[in-house]
Amino acid sequence: MSQRVLTTESGAPVADNQNSATAGAGGPLLLQDQHLLEKLARFNRERIPERVVHARGSGAYGHFEVTDDVTEFTYADFLSTVGRRTEVFVRFSTVADSLGGADAVRDPRGFAVKFYTEEGNYDLVGNNTPVFFIKDPIKFPDFIHSQKRDPFTGRQEPDNVWDFWAHSPEATHQVTWLMGDRGIPASYRHMNGYGSHTYQWTNSAGEAFFVKYHFKTNQGIRSLSAEQAAETVGRDANSHQTDLLQAIERGVRPSWTLYVQLMPAAEADGYRFNPFDVTKVWPHQDYPLRRVGRLVLDRNPDNVFAEVEQAAFSPNNFVPGIGPSPDKMLQGRLFAYADAHRYRLGVNHTQLAVNAPKATTAWNYGRDGLMASNSQGRAAKNYEPNSYDGPAETGRPLSAPLAVDGHTGAHPAPLHTKDDDFFQAGELYRLMSAEEKSRLIANIAGGLSQVSRDDVIEKNLAHFHAADPEYGRRVEEAVRALRED
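Conventions we followed
- Residues numbered from 1 in each chain as written.
- Predicted model: local features only at pLDDT ≥ 70, side-chain atom pairs only at ≥ 80, totals over all residues.
- Heavy atoms only, no water.
- Helix = DSSP H or I, 4+ residues; strand = E, 2+ residues; numbered from the N terminus.
- Polar contact = N/O pair within 3.5 Å; in protein donor to acceptor, adjacent residues only side chain to side chain.
- Pairing = 2+ DSSP bridges.
- Phe/Tyr/Trp six-rings, centres within 6.5 Å; stacked < 30°, edge-to-face > 60°.
- Buried < 20%, exposed > 50% of the residue type's maximum accessible area, 1.4 Å probe, protein only.
- Lys NZ or Arg CZ within 6 Å of the ring centre and 35° of its normal.

**Let's talk about the side chain of S187**
Take S187: it is sitting in the loop between α4 (172–178) and β5 (193–194). A polar contact of 2.7 Å, which involves the side chain of S187, links it to the side chain of H190.

In structure tokens form, the structure reads like this:
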């Protein structure tokens with residue numbers, strides 16, 4: 001095979017890629033050197049705004065295979081037949097740090113799956129924890145600001161981190177997860193993934209079920225201690241990216257088994273916990289795990305920027321048979337994720353290869369805008385309805401309607417019989433072994449003891465006392481010991 005010719009972006013062959021054109025052998029550069037100007041201008045524009053959260057990420061392609069019949073609960077076509085495979089793209093990420101941050105840090109991990117189904121792309125956007133820090137999206141910008149770099153010091157500040165948590169008792173459950181043994185995964189392959197939010201499945205009879213997703217790693221859970229993580233970061237700040245890339249390149253195919261918890265919609269109002277509160281779990285004894293299928297990753301992206309950095313996941317990308325729930329954090333993200341991508345990548349980001357449907361074709365009346373590449377065909381109309389056989393509505397909702405009542409207003413979430421901000425955090429603490437509890441206490445105290453304000457420390461200690469008396473006492477003693485040193 002003959003070597004290909006280097007060309008400019010317009011396709012003209014490049015004669016010299018080593019020397020710029022000058023006015024004489026030692027003279028100044030010439031403005032007419034189109035190749036030089038094109039290279040420099042493109043280089044200046046190689047970066048786009050990074051994600052405000054989940055900036056540092058890795059990804060891979062693979063497939064999802066249905067292993068168990070779930071047609072009793074959803075008419076989603078890609079889940080309709082045992083043995084059916086759907087191509088997927090998965091993006092893993094840290095949450096708080098920037099694009100240049102390290103992988104092995106104490107931080108939740110994003111776990112986003114794009115299913116390229118024959119009925120359109122279905123995006124399932126979650127984390128490696130089943131819960132989150134807050135339950136209302138109006139608090140999300142403030143939460144993220146408290147966790148990222150301080151505008152004055154330019155550093156992540158313990159004062160900001162713990163001050164926000166002091167004023168947000170609902171964060172106690174997720175803080176207990178984050179500061180526990182699973183707070184620093186050893187790799188992306190060795191952690192679980194969760195949809196975290198509550199979603200809705202609808203079956204062919206129109207019956208609705210609320211659903212939570214659990215991707216259980218088949219590699220086993222492996223995590224790092226704070227000391228191991230510091231050593232890993234010093235050796236390879238890109239440790240998780242390195243591990244995922246090299247594992248797939250050498251033929252290892254990381255996999256996860258997908259399980260779901262299913263709640264008939266009629267049981268939601270009477271459940272002991274608010275089933276739409278993302279700071280809480282559904283205990284498995286109430287709603288056992290039901291196996292659905294297997295997620296396998298087997299191909300690395302050819303270009304990290306094009307396929308990982310430009311990958312756009314939006315939880316409002318549903319397919320027939322799957323829809324949202326009244327989960328307030330999910331409802332906020334239905335808008336925020338898609339809007340973030342319109343800002344970062346442009347209104348036509350869905351036409352990029354990694355984001356475009358693969359098993360079907362998108363037909364709509366969206367036209368124009370920056371980098372528009374799909375005119376929908378010659379002489380295609382850009383309005384609807386029309387008399388020219390343009391794409392038409394189906395008249396069939398993707399999922400069952402959600403019941404609403406009452407008056408509009410800024411309402412707190414309704415309380416169920418067992419709802420408080422501390423019960424499940426205490427339950428999680430009491431499930432831990434003695435060694436796990438000791439590491440949890442040390443991790444919390446290590447951060448909380450750095451806070452400069454006594455009142456902020458006291459407010460956080462009150463949360464741990466409320467979760468479990470022993471939990472609170474041990475954190476208080478550990479913080480006091482560190483502050484007296």
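More follows now that the structure is in view.
**Digging into the pairing of strand β9 (residues 290–299)**
With 6 bridges connecting them, strand β1 (residues 57–66) and β9 associate as antiparallel partners. When the bridges of β9 are listed, V66 appears paired with G293. Pairing analysis gives 6 bridges linking strand β8 (residues 255–264) to β9, with the strands arranged antiparallel. Looking at the pairing, L258 lines up with G293 of β9.

**Some remarks on the packing of aromatic side chains**
Within this structure, the stated rule accounts for 30 aromatic pairs. Ring centres 5.6 Å apart and planes at 85° place the aromatic pair F64 and F115 in the edge-to-face group. Taken together, the positions of F64 in strand β1 and F115 in strand β3 (residues 109–117) put the pair 51 residues apart, joining distant regions of the chain. On the basis of relative accessibility, which here comes to 2%, the residue F115 falls in the buried class. Residues Y429 and Y471 carry aromatic rings whose centres are separated by 4.5 Å and whose planes lie at 5° to one another, so their mutual orientation is stacked. Residue Y429 is located in helix α9 (residues 423–431), and its partner Y471 is located in helix α12 (residues 469–484); the two are separated by 42 residues in the primary sequence. The class for Y429 is buried, based on a relative accessible area of 1%. Among the aromatic residues, those joined into a cluster by ring pairs are F64, F78, F115, Y122, Y199, W201, Y213 and F318. Its end group placed over the ring of Y61, R299 keeps NZ or CZ at 4.1 Å from the ring centre. In this structure, R396 is placed above the aromatic ring of Y75, and the distance from its NZ or CZ to the ring centre is 4.1 Å.

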